Amino acid sequence: MRSFLRSSTFWQSQYQGIGLLGRMSSRGARPSLPPSPLERPVSLDSQDSMDDYWSEVKNMEEDGQLGPEDLLERGSMDEAELEEAWLQEAGLSKLVSGGLHEGPTEALLSTLTRSQAAMVMRRVDNYTQTLRKRNKQPAVHVRDVFSTPDTSPVNATPSDPPKSPNGHMPSRTIHRTTSKVRPACPSFAPGEKRVPECPPCSPPQDTSDSLSFDVPYSEGIAAHRSGRQGDCQDCQRVRKHDLDLPTFLAPRPKLGLTRIQDLSCEDMKKIGYISLIELTTFYDGLGIELKRNRAARSRARENGIFGVPLTTLLENDQKKFPGSKVPIVFRKLLCKLEQTGLQTEGILRIPGSASRVKHLRQELEQKFYEDRFDWEQVRHNDAAGLLKMFIRELPYPLLTLQHLPAFAAVQNISSPRHQFQALHLLIMLLPEPNRDTLKALLDFLRKVVEFEEKNRMSLWNVSMIVAPNLFTYRGKNAKQEEMQAAAGTAHLVRLLITHQDLLWTVPCFLISQVRKLNEAGASKKPPSSEKTKRKLLLMRRRTAEREKTEKSELTDLREGVIRVHAPQHAKVSMAIQLDSETKAKDVMARFDYENGSAGQRSRQYLFEVGGNIGERCLDPETHLLDVYHVNSHCEWVLKPRTT
């Protein structure tokens, strides 16, 4: 491995033949990219960035980060193991154990679109057939899962070639085609109970680069599934601007944009289930091979700083700082760089002294949690080296071992819009510690690019340096082609930095499916224990008491009138008549006016709580009458946002 990495010429020659950077030109000895709006207009910028990439790989090798000593060991997974792991992560583990008709599983299946249901059906069928080859009887047969003729998949066309749902299929070129007709809404199975659909987004100013979060992404790629060339506008559009990094316009849904941190942890868990099913369906429609790594057990450290899993670091941090979402040492390194390095030329690119970084690492291990570490001695280049070392030495990759191949596969998608959509679903899939830590990193990298005139670090420079640290897997069985493919992932880092705000916004169609899942679960899930029964009884009593109080306060709560509770205001409750123009910001402003205390407390936001959602912090631009129609049984609460 070391001799392979030292061969810079080999790397460069291999890179030019990979063709993984879809936006890069094939002309000339080196691939090049024109500057995006965030990049400085330097003609040799891309060429310099490639040198940055090789230098970073060389630094990683010299630091010993790519040697044979590793904490993880990857093993091959057969078809049955792959399917079982997929079903478990998709919240469908009961299809393996045999509890099909238990509430959560049946409720989740009832929310799927037809194309999503078709994918689940294929995975269950593949799992069943694999077990039968071993002379084992599956706990659930595919006929038991989709026994109703109406719920059979309709999106799989006869012309589709047979494929394994694990992505073991012949690779094919993605033709730049465009769909002439797009479904207006998700295609749910007939006869299903339906949550009121999301009101359509207001049309953005420029529809050419606008995004739609209303319809599942897999529903918009019918042209790919049917194999029609020249029919997919999303792919055809690449021909006009092959070398540009697109600027996508955020949609303006009537229900408001929802950021990841606006939803409850329980609802985000359900978002993850649906996102995995949707991502698999989406990739299958694009003809992209979707591989999966085994979730290997590790001999990771439980104490210290480097080489410790994120979850363990956060558990240790939360004992001292409750509510920590990003490892404290990671925050400290980012803060140090922001304070001293943003305007320094070559920040991230120019390495610190190897011996000094090694010494600082040892001191961090020994003194950090005792508050004895002196941050004044850390130079900005040392902090950059420690930051990249921290990311590389995570025993589980920041992008997760299971989904690292899916991230890398985004390079094989020809359409910028479809690339964004794939990354969007992958962000929804990441565990909370990984997602929060990645966002903190991307926030910092965006700041580095903003100081480009001072530090001479363009978006492309930064992406080339960060990519090997994010995508190089440290497993003993890491393959050469994976190391080569890491070069192409620089474009993905560029997309992550540029579109991070949109990527951390939850698509409306996923929230709609979660609402449907919550409604289905509430109607089918019986109390599973005495504790659950007592909790349910207590909730009913509280609801009855609250309704009695509200009835005494307002005997005639008319249609379209809501009661907003504000426990931290002097006036703790207010009835508000909604109309088509009433927004969340109007209610917030009215409470501040009525209480005469605007600016004297932390800003408070309007939440919808309960009904068919756990809890959602409403965007100030949310049209409340639309939320009322979608979730008429929720409570309306004004309170500070949890940070």
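Please read these numbers as outputs of a predicted model, since none were measured by experiment. Counting from 1, residues in each chain are numbered in the order their sequence is written. Confidence filtering applies because this is a predicted model: local features only for residues at pLDDT of at least 70, side-chain atom pairs given and counted only at 80 or more, and all residues used for totals across whole chains, interfaces and linings. Values shown for side chains rest on all heavy atoms present in the structure; no hydrogens or waters enter the calculation.

### What to know about the sheet that holds strand S3 (residues 561-565)
Whenever strands of a sheet pair, they do so through backbone hydrogen bonds, lying parallel or antiparallel. Pairing within the open sheet is mixed, and its five strands lie in the order S4-S3-S7-S5-S6. Either end of the sheet is taken by a strand with one partner, and the two such strands are strand S4 (573-577) and strand S6 (613-617). The average angle at which neighbouring strand axes cross in this sheet is 25°, direction not considered. Whether two strands pair comes down to DSSP finding at least two bridges between them. Numbered from the N terminus, helices here are DSSP runs of H or I no shorter than four residues, and strands are runs of E no shorter than two. Sheet topology note: the strand S5 (residues 604-610)/S6 ladder contains four bridges and is antiparallel. Among the inter-strand pairings, Val-609 is bridged to a residue of S6, identified as Glu-615. Should any heavy atoms of two residues lie within 4.5 Å, those residues are considered in contact. To obtain an axis, a line is fitted to C-alpha atoms, over the contacting stretch when the element is a helix, and the angle between two such axes runs from 0 to 180 degrees between their N-to-C directions. Here helix H26 (residues 584-595) sits on the sheet and contacts S3, S4, S5 and strand S7 (635-640); the angle it forms with S4, its principal contact strand, is near 135°.

### A word on the pattern of salt bridges
The rule for a salt bridge is simple: a side-chain nitrogen of Lys or Arg has to be within 4 Å of a carboxyl oxygen of Asp or Glu. Overall, the coordinates contain 20 salt bridges when judged by the stated rule. A salt bridge links Arg-259 to Asp-262, with the shortest nitrogen-to-oxygen separation between them at 3.8 Å. The cut-offs for exposure are 20% and 50% of the maximum accessible area for each residue type, with area from a 1.4 Å probe on protein chains only; residues under the lower value are buried, those over the upper are exposed, and the others partly exposed. Owing to a relative accessible area of 32%, Arg-259 belongs among the partly exposed residues under this scheme. Of the residues examined, Asp-262 reaches a relative accessible area of 4% and is grouped as buried. The residue Arg-616 makes a salt bridge to Glu-608 at a minimum N-O spacing of 2.7 Å.

### Observations regarding the packing of helix H17 (residues 416-429) against helix H22 (residues 490-498)
Running from N to C, H17 and H22 point in directions that differ by 75°, and their axes come no closer than 11 Å. Considered as vectors, H17 and H22 are oriented roughly perpendicular to each other. Contacts between H17 and H22 pair Gln-419, Leu-423 and Ile-427 from the former with His-491, Leu-495 and Leu-496 from the latter. The residue classification treats Ala, Val, Leu, Ile, Met, Phe, Trp, Tyr, Cys and Pro as nonpolar and Asp, Glu, Lys and Arg as charged. All others, Gly included, are polar. In terms of residue class, the contact of H17 with H22 is made up of four nonpolar, two polar and no charged. Should an angle lie under 35 degrees it is considered roughly parallel, over 145 roughly antiparallel, and from 65 to 115 roughly perpendicular; all remaining angles are considered oblique.

### With respect to the packing of aromatic side chains
Pairing of aromatic rings covers Phe, Tyr and the six-membered ring of Trp, with a centre-to-centre limit of 6.5 Å; geometry is then stacked below 30 degrees between planes, edge-to-face above 60, and tilted otherwise. Within the structure shown, the criterion is met by nine aromatic pairs. Both rings, one in Phe-282 and one in Tyr-283, keep their centres 6.5 Å apart while their planes meet at 40°; by these two values the pair is tilted. Side by side, Phe-282 and Tyr-283 carry an identical accessibility label, which is buried. Each member of the aromatic cluster is reached from another via a ring pair, and the members are Tyr-217, Phe-282, Tyr-283 and Phe-509. Only Lys NZ and Arg CZ are tested; either one counts as a charge over a ring when it is within 6 Å of the ring centre and within 35 degrees of the ring normal. In this structure, Lys-639 is placed above the aromatic ring of Phe-607, and the distance from its NZ or CZ to the ring centre is 4.7 Å. One residue, Arg-641, lies across the ring of Tyr-605, its end atom 4.1 Å from the ring centre.

### Remarks on the confidence of the model for the chain
When the pLDDT values of the chain are averaged, the result is 75; 64% of them are 70 or greater. The model gives residues 66-76 a pLDDT under 50, and that stretch makes 42 contacts with residues more than four places away or in other chains. The score called pLDDT rates the predictor's confidence residue by residue, from a low of 0 to a high of 100. Here residues 148-195 scores under 50 on pLDDT; set against residues more than four positions off or in separate chains, the count is 125 contacts.

### So, the nonpolar core
Within the largest apolar cluster, 118 residues are counted, with the highest numbers of intra-cluster contacts made by Tyr-283 and Leu-348. Not counting residues within four places of it along the chain, the set of residues in contact with Leu-348 comprises Glu-56, Ala-384, Lys-388, Phe-444, Leu-445, Val-448, Met-457, Val-462 and Ile-465. Buried Ala, Val, Leu, Ile, Met, Phe, Trp, Tyr and Cys residues that are joined via side-chain atoms within 4.5 Å together make up what is termed a nonpolar core.

### As for the environment of Ser-523
Mapped onto the elements, Ser-523 comes out in helix H24 (residues 508-524). The spatial distance from the C-alpha of Ser-523 to the C-alpha of Ala-107 is 9.0 Å, given a sequence separation of 416 residues.

### Digging into unusual backbone geometry
With a phi close to 60°, Asp-371 is a non-glycine residue in the positive phi region. With respect to the helices and strands, Asp-371 occurs in the loop between helix H14 (354-367) and helix H15 (380-392).

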